[in-house]
Amino acid sequence: MFDRVLVPTDGSEAAELAVPYAVELAEQFDATLYPMYVVDTDALSHALGSEQVDRIDAGQFGEMRELHERAAAAIDRVREYTTAALTVEPVIEAGIPHEVITTFAEDTDIDLIVMTSQGRGGVKRALLGSVTERVARGSSIPVLVVDADDDSQLLVEPDPA
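Computed from a prediction, not measured in an experiment: that's the story for all the values here.

Undergrad: Describe the confidence of the model for the protein chain, with residues and values.
TA: When the pLDDT values of the protein chain are averaged, the result is 82; 72% of them are 70 or greater. At the level of individual helices and strands, the protein chain shows its lowest average pLDDT in helix H7 (residues 122-128), which scores 47, and its highest in strand S1 (residues 4-8), which scores 98.

Structural data, given as structure tokens:
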């Protein structure tokens, strides 16, 4: 049923809540897990000059050590939940997160996207929107949304090694 499972992460604790669900499903269905980090060029465009944003958009953010380290750390946190038996294909992209996630999922024939709802509500949600909500509304691929306020037990614990 699921051959490819995508779990976008921004490295936050809230985003990490979706990881055990993605790992469990990928393991049960012997699927490939795609942990994805998207460098948000919209958010960066206000802080950086246009030349740097153009380089990031072109995928040349490996030279920008801090961005690269943040992306690698977020992907590594996902790997901590996996076993050697699980195939993991990390993805680091740049752009507008919901657009990049949706496009990658469709282009890669992802079967399921697993994301966390940040629990934003009211005016904040109306003004800022939600990447998870935009992905769920804009994608034809099923999206499993994990509630950030869910306090149930983790399905898979990080490997302490």
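Undergrad: Would you mind going over the nonpolar core in detail, with residue names and values included?
TA: Counting 18 residues, the largest nonpolar core has Val-5, Val-7, Leu-33 and Val-114 as its most contacted members. Those elements that place two or more of their residues in this core are S1, helix H2 (19-28) and strand S4 (112-117). When residues in this core are grouped by element, the largest group, 5 residues, is from H2. Non-local contacts of Val-5, meaning those with residues more than four positions away in its chain, are made with Ala-22, Ala-26, Ala-31, Thr-32, Leu-33, Tyr-34, Leu-112 and Val-114. If you look at the next biggest cluster of nonpolar residues, it comprises 14 residues, including Leu-6, Met-36, Ile-101 and Phe-104.

Undergrad: Which residues make up the pattern of salt bridges, and what are the values?
TA: Applying the stated criterion across every chain, the model contains 4 salt bridges. For Glu-16, the salt bridge goes to Arg-77, with nearest N and O atoms at 2.4 Å. With a gap of 61 residues between them, Glu-16 in helix H1 (residues 13-16) and Arg-77 in helix H5 (residues 65-79) connect regions that are remote in the sequence. For Glu-16, a relative accessible area of 13% translates into the label buried. Between Arg-137 and Glu-133 there is a salt bridge; the shortest N-O distance is 3.0 Å.

Undergrad: Summarise the packing of aromatic side chains; cite the residues concerned and give the values.
TA: Applying the stated rule across the entire model yields 2 aromatic pairs. Between Tyr-34 and Phe-104 the ring centres are 5.9 Å apart and the planes differ by 65 degrees, which places this aromatic pair in the edge-to-face class. Here the residue Tyr-34 occupies a position in strand S2 (residues 32-40), and Phe-104 occupies one in helix H6 (residues 97-107), the gap between them amounting to 70 residues. There is no split in this pair, since Tyr-34 and Phe-104 are both buried.

Undergrad: Tell me about unusual backbone geometry, and please be specific about residues and values.
TA: Residues other than glycine seldom take positive phi values, yet Asp-30 does so here, at roughly 50 degrees. Turning to its location among the elements, Asp-30 is positioned in the loop between H2 and S2. A relative accessible area of 68% places Asp-30 in the exposed class. Look at Asp-109: it is not a glycine, yet its phi comes out positive at around 60 degrees. Assignment of secondary structure puts Asp-109 in the loop between H6 and S4.

Undergrad: Explain H2 to me, using residue names and the numbers behind them.
TA: Taken together, the buried positions of H2 are occupied by Val-19, Pro-20, Ala-22, Val-23, Leu-25 and Ala-26. If you follow the buried residues of H2, they end up packed against S1, H1, S2, H5, S4 and strand S5 (143-147). Looking at the residues trailing H2, positive phi occurs at Asp-30, about 50 degrees.

Conventions we followed
Position numbers for residues start from 1 in each chain and track the written sequence from start to end. Given that this is a predicted model, residues contribute local features only at a pLDDT of at least 70 and side-chain atom pairs are listed and counted only at 80 or more, while totals for whole chains, interfaces and linings are drawn from all residues. Here the side-chain values reflect all heavy atoms present in the structure, with hydrogen atoms and water set aside. Note on scores: pLDDT gives the predictor's confidence for each residue, bounded by 0 and 100. Note on conventions: DSSP H or I runs of at least 4 residues are helices, E runs of at least 2 residues are strands, and numbering of each starts at the N terminus. Take the buried residues of types Ala, Val, Leu, Ile, Met, Phe, Trp, Tyr and Cys, join any two whose side-chain atoms come within 4.5 Å, and each joined set is a nonpolar core. Note on exposure labels: buried denotes an accessible area under 20% of the residue type's maximum, exposed denotes more than 50%, and partly exposed covers the range between, all computed with a 1.4 Å probe on protein chains only. Here, residues are in contact when the closest pair of their heavy atoms is within 4.5 Å. Basic side-chain nitrogens of Lys or Arg form a salt bridge, by our definition, when they fall within 4 Å of a carboxyl oxygen of Asp or Glu. Between the rings of Phe, Tyr and Trp (Trp by its six-membered ring), a pair exists once the centres lie within 6.5 Å; its type follows the angle of the planes, with under 30 degrees stacked, over 60 edge-to-face, and the other angles tilted.

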